[in-house]
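# Geometric and topological summary
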2 protein chains.
Amino acid sequence: MFNNITNEKIYQQVINQIQNMILEGKLKNGDKLMSERELSQKMGVSRTSIREALRVLETMGIIESRQGEGNFICNKIETSLIQPLSMMFTLNNGDYKDIIELRRMIELEAVKLAAIRGTDEELEELKMISQRLTKKDEIYNKGEIDKEIHYKITCMSKNFLIKSLYTISLNLLENFIINSRQKIVEFYHEEETLNLQHKKICEAIIDRNPESAYKYMKKVI
Amino acid sequence: MFNNITNEKIYQQVINQIQNMILEGKLKNGDKLMSERELSQKMGVSRTSIREALRVLETMGIIESRQGEGNFICNKIETSLIQPLSMMFTLNNGDYKDIIELRRMIELEAVKLAAIRGTDEELEELKMISQRLTKKDEIYNKGEIDKEIHYKITCMSKNFLIKSLYTISLNLLENFIINSRQKIVEFYHEEETLNLQHKKICEAIIDRNPESAYKYMKKVI
């Protein structure tokens with residue numbers, strides 16, 4: 001039997017063309033796409049197919065449609081991946097312990113990289129964030145500072161995928177376990193101990209000591 | 001100003017309803033969806049909006065349309081995530097070293113978990129795969145056996161997210177670097193040494209020695 005070479009759906013072929021232009025660097029973040037009418041003429045397909053393709057790319061977080069202005073290449077894929085990943089997880093009867101394990105793995109790697117790759121400026125910023133953590137002052141929400149420290153560390157890893165996966169795993173965790181910090185505080189530590197541990201992580205990074213940073217991170221996640 | 005509460009596009013609302021049914025466990029892998037006509041009646045929206053939503057879900061790998069049979073919930077999300085992730089990576093000017101680092105992190109964790117969690121049956125299977133690696137016989141493609149070992153190890157980690165991310169990172173790697181094994185062989189090792197290292201990884205797992213398995217894995221990735 002011969003294969004039908006036009007078996008792939010039209011809207012899918014439109015998506016592929018746009019995807020390839022992105023992968024080849026011909027379309028960049030912020031670039032404006034041609035209008036639906038122009039795309040339809042250039043590719044020789046119906047406007048319905050173009051619209052279907054654009055809907056898909058919009059949901060994927062690859063294009064953004066601004067009313068009255070047109071469609072632009074954007075970069076919200078990180079956020080848009082959270083829903084499909086949550087579904088993939090549910091459809092596979094995933095265990096929430098899998099997410100905790102993933103987050104642990106990412107953070108233990110990130111903290112070592114942060115101690116090696118963080119710029120002097122970032123170390124200074126980390127110092128300032130961590131000082132807020134042990135202040136007795138009630139105006140500071142310790143849970144928020146805690147999050148800020150973990151996020152800062154993943155940025156300092158200078159690995160875009162590690163940073164993205166951290167964000168994704170945190171969101172998955174929040175989808176499946178509400179208020180995980182509260183649970184950690186309740187079950188494993190006194191809040192003050194937890195704050196001190198975070199301070200020690202920061203100090204180890206500032207001392208550029210990856211092994212010590214790793215050791216303290218292991219205690220809080 | 002008031003917010004327009006119906007601001008979210010119709011097709012997006014349809015997607016959300018189906019997504020929520022999946023997340024709540026009301027729709028499971030293999031379930032058949034209602035027909036486009038029925039969905040359109042139940043949700044009180046046009047068939048165009050239903051079709052747009054189904055297109056998106058199909059591209060995401062959440063539903064599969066079988067000709068003459070209808071739409072079914074499926075689970076190809078893992079595969080469908082590779083394209084958006086590749087684009088996210090390109091749009092962010094990602095460095096291919098980031099992918100290598102990610103893969104390294106995943107495999108070093110997986111190999112420890114495999115030594116702890118692998119079933120006796122899986123250890124036996126791993127033994128058989130690894131024996132093929134050092135056979136002089138030309139009929140075995142060593143590159144394929146190499147891949148098989150790494151994949152088996154990530155399955156033995158019993159963490160679904162680790163397994164999925166391994167598959168995704170491997171695909172990203174292949175999108176950005178063609179034939180990475182060939183490069184590893186050329187630059188770092190004699191092929192025979194590489195095969196022996198893999199055998200040692202397998203032996204350490206079979207001995208249920210996570211630290212030793214970790215040590216040998218570190219040498220080949």
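Residues numbered from 1 in each chain as written. Chains lettered and ligands numbered in written order. Predicted model: local features only at pLDDT ≥ 70, side-chain atom pairs only at ≥ 80, totals over all residues. Heavy atoms only, no water.

## Points about the layout of surface pockets
Here the largest pocket is characterised by a volume of approximately 610 Å³. E109(A), K112(A), Y214(A), L108(B) and Y214(B) are, among the 25 residues lining the largest pocket, the residues nearest its centre. For the lining of the largest pocket, the secondary structure elements donating two or more residues are helix 6 (96-117) and helix 12 (210-220) of chain A together with helix 6 (96-117) and helix 12 (210-220) of chain B. Among the elements that line the lining of the largest pocket, the one with the most residues is helix 6 of chain B, at 10 residues. For the lining of the largest pocket, a count of residues per class yields 12 nonpolar, no polar and 13 charged. (1 Å grid on protein atoms, 1.4 Å probe; cavity = no way out; pocket = protein on both sides within 12 Å on 5 of 7 lines; lining within 4 Å. Points joined across faces, edges and corners; volume = space filled by probe spheres on them. Helix = DSSP H or I, 4+ residues; strand = E, 2+ residues; numbered from the N terminus. Nonpolar A, V, L, I, M, F, W, Y, C, P; charged D, E, K, R; others polar.)

## Looking at the packing of helix 1 (residues 10-23) of chain B against helix 3 (residues 47-59) of chain B
All names here are of chain B. Direction vectors running N to C along helix 1 and helix 3 enclose 55°, while the axes themselves pass 8 Å from each other. With respect to their mutual orientation, helix 1 and helix 3 come out oblique. Our pair here, helix 1 against helix 3, has a crossing hand that is right-handed. The segment helix 1 lies against helix 3, with I10, Y11, V14, I15 and I18 engaging S49, I50, E52, A53, L54, V56 and L57. The residue inventory of the contact of helix 1 with helix 3, partitioned by class, reads 10 nonpolar, one polar and one charged. (Axes fitted to C-alpha atoms, helices over the stretch in contact; angles between N-to-C directions. Parallel < 35°, antiparallel > 145°, perpendicular 65-115°, else oblique. Left-handed = near helix turned anticlockwise from the far one by under 90°. Contact = heavy atoms within 4.5 Å.)

## Side note on helix 2 (residues 36-43) of chain B
Because each turn of an α-helix spans 3.6 residues, side chains separated by three or four positions in sequence point in the same direction. Residues and elements named next belong to chain B. The set of residues buried in helix 2 consists of E36, L39 and S40. All buried residues of helix 2 fall inside an arc of 100° around its axis, so they share one side. Residues of helix 2 that are exposed and angled more than 90 degrees away from the buried face: Q41 and K42. Looking one or two residues beyond helix 2, the residue adopting positive phi is G44, at roughly 65°. (Buried < 20%, exposed > 50% of the residue type's maximum accessible area, 1.4 Å probe, protein only. Arc of directions from axis to C-beta.)

## Regarding the nonpolar core
Of all hydrophobic cores here, the largest spans 85 residues; its most connected members are I153(A), I205(A), I153(B) and I205(B). When neighbours within four sequence positions are excluded, I205(A) is seen to be in contact with V111(A), A114(A), A115(A), L123(A), L126(A), I153(A), M156(A) and A213(A). Core analysis: the next-biggest nonpolar cluster, separate from the first, contains 40 residues, L33(A), M60(A), I63(B) and L91(B) among them. (Core = buried A, V, L, I, M, F, W, Y, C linked by side-chain atoms within 4.5 Å.)

## Focus: the relation of the copies chain A and chain B
Of the transformation placing chain A onto chain B, the axial shift is 0.0 Å and the rotation is 180°, giving an RMSD of 0.1 Å. What the superposition gives is, in effect, a two-fold axis relating one chain to the other. The rotation axis passes nearest to the C-alpha of V56(A) in chain A, at a distance of 2.4 Å. An overlap of 100% is found between the interface residues of chain A and their copies at the interface of chain B, pointing to a shared contact surface. (Least-squares fit on C-alpha atoms with pLDDT ≥ 70 in both.)

## Here's the deal with the domain arrangement of chain A
Assigned domains within chain A: domain 1 (8-74) and domain 2 (78-218). Of note, the centres of domain 1 of chain A and domain 2 of chain A, computed from C-alpha atoms alone, are 36 Å apart. (Domains from an automatic or database assignment.)

## Looking at the confidence of the model for chain A
All names here are of chain A. Within chain A, residue pLDDT values average 84, and 88% of them lie at 70 or more. Helix 10 (residues 180-188) is the least confidently modelled element of chain A, averaging 58 in pLDDT, while helix 2 (residues 36-43) averages 94, the highest of any element. For this predicted complex, the interface confidence score (ipTM) comes to 0.77, while the overall pTM stands at 0.78. (pLDDT = per-residue confidence, 0-100.)

## Details of the pattern of salt bridges
Under the definition given, this model contains 26 salt bridges over all chains. Shared partners join several salt bridges into a network, and the residues in it are E36(A), R47(A) and R51(A). (Salt bridge = Lys/Arg side-chain N within 4 Å of Asp/Glu carboxyl O.)

## Here's the deal with the interface of chain A and chain B
Bring the parts together and some accessible area is lost; that lost area is often taken as the interface size. In this complex, chain A contributes 52 residues to the contact, which on the side of chain B involves 52 residues. Inspection of the chain A/chain B interface yields six salt bridges. Across the pair R55(B) and E52(A) runs a salt bridge whose closest N-O atoms are separated by 3.1 Å. Where chain A meets chain B, there are 14 residue pairs in polar contact (both at pLDDT 80 or more). Where the side of chain A that touches chain B is concerned, the elements lending two or more residues are helix 1 (10-23), helix 3 (47-59), helix 4 (77-80), helix 5 (82-91), helix 6 and helix 9 (160-176) of chain A. (Polar contact = N/O pair within 3.5 Å; in protein donor to acceptor, adjacent residues only side chain to side chain.)

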